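Overview (structure and organization)
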Amino acid sequence: MVVFSFSIVLFNSVAYKMKKHLTKNQIVHIWTFSMILEILFDIFIDEKTNGYWYFWRGIDWTNILAYTILIPPVCVTFLNWYPFNRSMFKRARYIIFWVIFLLLYELLALLPKPWGFFYYGWWNLLYSAILDPILLILLLGYYKWICKIEKS
């Protein structure tokens, strides 16, 4: 719970205080998209198959904080600093950096109580290592789609 509380303050502070390259509309879209994607994914992995869970197994009000104010600011920060006009190498390196950051954060969240808040069932870090780049690229694709809609 300590890592969770500290993370909410840190991630939201960074997201709100950073120099913004995203419009307010884009931030709202990304925030909403990341909440919906996380909730849908967790319905299957957490609730249906007990792959992993936050705090306690089953649906809990505390999970809402993870979905609404823990994960979305990380997505906004990722996109805000993404090197769109750089070489493919720099963009790939940026994604790799973020995957490493997310995996290290997951390890912190796995610490025993009272520090951690995340628990594995059949899930493991390798699944996250495979899935995180896919999710980040999906987030990028969604962002580009939103930008395309804004231009039309």
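Structural data are supplied above this passage.
Let me begin by describing the structure that accompanies this report.

How each quantity is defined
Residues numbered from 1 in each chain as written. Predicted model: local features only at pLDDT ≥ 70, side-chain atom pairs only at ≥ 80, totals over all residues. Heavy atoms only, no water. Helix = DSSP H or I, 4+ residues; strand = E, 2+ residues; numbered from the N terminus. Rg over C-alpha atoms; globule rule 2.2 N^0.38 Å. Buried < 20%, exposed > 50% of the residue type's maximum accessible area, 1.4 Å probe, protein only. Contact = heavy atoms within 4.5 Å. Areas by Shrake-Rupley, 256 points an atom, 1.4 Å probe, with all protein chains shown as cover. Lys, Arg positive; Asp, Glu negative; His and termini not counted. Charge placed at Lys NZ, Arg CZ, Asp CG, Glu CD. Patch = residues over 30% accessible without salt bridge, like charges linked within 9 Å, V, L, I, M, F, W, Y side chains within 5 Å. Salt bridge = Lys/Arg side-chain N within 4 Å of Asp/Glu carboxyl O. Expected span 1.5 Å × (residues − 1). Bend = angle between axes of the 7 residues up to and from the residue. Phe/Tyr/Trp six-rings, centres within 6.5 Å; stacked < 30°, edge-to-face > 60°. Core = buried A, V, L, I, M, F, W, Y, C linked by side-chain atoms within 4.5 Å.

**Structural notes on the overall build of the chain**
Per the secondary structure count, the chain includes five helices and two strands. Relative to the compact-globule value of 15 Å for 152 residues, the chain shows a C-alpha radius of gyration of 16 Å, a close match. For the C-alpha atoms alone, the extent of the chain along its principal axes is close to 45 × 30 × 30 Å. Taken across its 152 residues, the chain has 41% of its residues classed as buried. When contacts within the chain are restricted to residue pairs at least 6 apart in sequence, long-range pairs at least 24 apart make up 70% of them. Accessible surface for the chain amounts to roughly 9200 Å². Of this, 74% is attributable to carbon and sulfur atoms. Computed over 14 positive and 8 negative side-chain charges, the separation of the two mean positions in the chain equals 17 Å.

**Some remarks on a nonpolar patch on the surface**
Taken together, the side chains of Ile36, Ile39, Leu40, Ile43 and Phe44 present a nonpolar region at the surface, about 450 Å² in accessible area. Tracing the chain through its elements places Ile39 in helix α2 (residues 24–48). Overall, Ile39 belongs to the partly exposed group, its relative accessible area being 35%.

**Remarks on unusual backbone geometry**
Trans peptide bonds make up the majority, and among non-glycine residues the majority have a negative phi. In the segment running from Lys113 into Pro114, the intervening peptide bond is cis, with an omega of 5°. Here Pro114 lies in the loop between α4 (88–109) and β2 (118–120). Phi angles above zero are rare outside glycine, and Asn50 is one such case at about 55°. Positive phi values are uncommon outside glycine, yet Phe55 reaches one of about 60°. By the element assignment, Phe55 lies in the loop between β1 (52–54) and α3 (61–80).

**Details of α2**
Along its 25 residues, α2 runs 35 Å from first to last C-alpha, staying within 8% of the 36 Å computed at 1.5 Å per residue. Approximately 40° is the largest bend angle found in α2, and it occurs at Asp42. For α2, the set of buried residues is Gln26, Ile27, Ile30, Trp31, Phe33, Ser34, Glu38, Asp42, Ile45 and Asp46. Buried-residue contacts for α2 involve α1 (2–17), β1, α3 and α5 (125–151). Following α2 by one or two positions, Asn50 adopts a phi angle in the positive range, close to 55°.

**Comments concerning the side chain of Ser34**
Considering the arrangement of structural elements, one finds Ser34 in helix α2. Residues in contact with Ser34, not counting those within four places in the same chain, are Pro72 and Cys75.

**What to know about the packing of aromatic side chains**
Here the structure, examined in full by the defined rule, presents 31 aromatic pairs. Seen from their ring centres, Tyr52 and Trp123 are 5.4 Å apart, and the 75° between their planes marks the pair as edge-to-face. Separated by 71 residues along the polypeptide, Tyr52 in strand β1 and Trp123 in the loop between β2 and α5 bring together distant segments of the chain. Trp123 shares its class with Tyr52; the two are buried.

**Digging into the nonpolar core**
Among the nonpolar cores identified, the biggest contains 41 residues, and Ile30, Tyr54, Leu70, Phe78, Leu79 and Phe117 are the most heavily contacted of them. Breaking this core down by element, the ones donating at least two residues are α1, α2, β1, α3, α4 and α5. Among the elements that take part in this core, α3 stands out by supplying nine residues, more than any other. Among all residues touching Phe78, those that are not within four sequence positions of it are Tyr94, Ile95, Trp98, Leu136, Leu139 and Leu140.

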